[in-house]
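Take a look at the letters that make up each chain.
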Amino acid sequence: MAASLASLPGAALMGGASHAAAEEASRRAWLGVELEPRPAGGVVAKHVVTGSPAAKAGIVDGDQLVAADGVPIEEPKQLVARVALAGPGNVVNLRIRRGGRERDVAPTLVAFPGHDQILRLDRIGTFAPAWKSLTTVGGTVPANIGTLRGNVVLLDFWATWCAPCRLMAPQLSAWHATYAAQGLRVVGVTSDEVGVATKTAQALSMRYAVASDASASTSAAYGVKALPTMFVIDKKGVIRDVVVGYDPTRHAEVEKLLKALLAEPAPAP
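Residues numbered from 1 in each chain as written. Predicted model: local features only at pLDDT ≥ 70, side-chain atom pairs only at ≥ 80, totals over all residues. Heavy atoms only, no water.

**Some remarks on the packing of aromatic side chains**
Considering all chains together, one arrives at 3 aromatic pairs under this definition. Arranged with centres 5.8 Å apart and planes meeting at 80°, the rings of F157 and F231 form a pair that is edge-to-face. On the criterion of sequence distance, the pair formed by F157 in strand β11 (residues 152-158) and F231 in strand β15 (residues 229-233) is long-range, its members being 74 residues apart. Pairwise contacts between aromatic rings join F157, Y222 and F231 into one cluster. When the ring centre of F112 is taken as origin, the NZ or CZ atom of R28, which lies over that ring, is 4.1 Å away. (Phe/Tyr/Trp six-rings, centres within 6.5 Å; stacked < 30°, edge-to-face > 60°. Helix = DSSP H or I, 4+ residues; strand = E, 2+ residues; numbered from the N terminus. Lys NZ or Arg CZ within 6 Å of the ring centre and 35° of its normal.)

Pasting the structure below:
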């Protein structure tokens with residue numbers, strides 16, 4: 001069983017859910033859109049999760065959600081309540097506005113898949129976001145992930161106070177030692193300040209590149225809400241897997257993927 005996850009400040013705990021909590025989650029309906037109020041009134045889709053019911057219905061980032069089942073939407077909580085009332089397996093009829101034109105869509109809600117699966121849906125198969133405001137703690141941290149094109153990248157988000165993150169560090173160092181010569185680059189990113197991160201990186205003998213993301217802007221760009229979270233990125237810069245939490249039973253699977261990605265040809269210049 002995976003170790004319990006450490007949640008980021010303000011984020012819900014994502015690991016070690018009880019059976020009762022799992023049953024409750026299965027009864028929750030999920031649309032797959034992050035909402036925000038418009039300054040002039042109404043609600044806009046700030047972000048639509050890839051592969052979600054909203055995305056499959058054709059809703060995209062920036063669409064205004066005008067009405068749900070014929071009722072005007074003035075604030076996000078109205079749509080949240082409507083989705084909850086409808087429940088998984090049912091349709092919510094939405095009117096959206098894009099570019100001054102309105103149209104109707106009818107997404108079929110599904111059971112809430114859990115935060116880990118939502119992150120996987122949203123990120124796997126997409127290009128890894130740019131890094132922002134990283135400060136080197138140890139090793140060589142590239143200015144941006146684009147400079148690592150042609151390498152396989154393990155990008156691990158961690159924190160000094162996160163016990164599962166500390167358990168993960170020796171495995172990351174082992175992968176770095178084994179596969180760096182073949183083109184693997186391991187980068188650890190923490191939101192801790194440089195001084196604190198440096199002491200912990202040294203104490204844990206992190207042999208790979210480590211960076212401080214004190215503003216948490218890179219963590220936000222990747223959608224990280226719990227620690228540790230690791231992204232496996234191929235030579236083209238595409239995210240091929242996301243691993244949330246410390247789960248030794250998955251290490252063989254991750255290593256198999258690393259070997260396969262390292263064997264892939266480098267992309268054309």
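**Considerations on the side chain of T160**
The topology assignment puts T160 in the loop between β11 and α5 (163-179). Once you skip the residues sitting within four places of it in the chain, T160 turns out to touch R166, T190, D192, V196, A197 and T200. (Contact = heavy atoms within 4.5 Å.)

**Quick notes on the packing of α5 against helix α8 (residues 251-263)**
It is at 12 Å that the axes of α5 and α8 come closest, and there the two elements cross at 25°. What the angle tells us is that α5 and α8 run roughly parallel. Crossing geometry of α5 relative to α8 is assigned as right-handed. Contacts from M168, Q171, W175 and Y179 of α5 reach α8 at H251, V254, E255, L258, K259 and L262. In terms of residue class, the contact of α5 with α8 is made up of 6 nonpolar, 2 polar and 2 charged. (Axes fitted to C-alpha atoms, helices over the stretch in contact; angles between N-to-C directions. Parallel < 35°, antiparallel > 145°, perpendicular 65-115°, else oblique. Left-handed = near helix turned anticlockwise from the far one by under 90°. Nonpolar A, V, L, I, M, F, W, Y, C, P; charged D, E, K, R; others polar.)

**What about the state of the cysteines?**
In the structure shown here, the tally under the stated rule is 1 disulfide. Between the sulfur atoms of C162 and its disulfide partner C165 the distance amounts to 2.3 Å. Measuring handedness by torsion sign, the sulfur bridge of C162 and C165 sits at about 80° and is right-handed. Among the residues examined, C162 registers a relative accessible area of 0% and is labelled buried. C165 sits in the buried class, given a relative accessible area of 3%. (Disulfide = S-S within 2.5 Å. Buried < 20%, exposed > 50% of the residue type's maximum accessible area, 1.4 Å probe, protein only.)

By themselves, these figures tell us nothing about what the structure is for.
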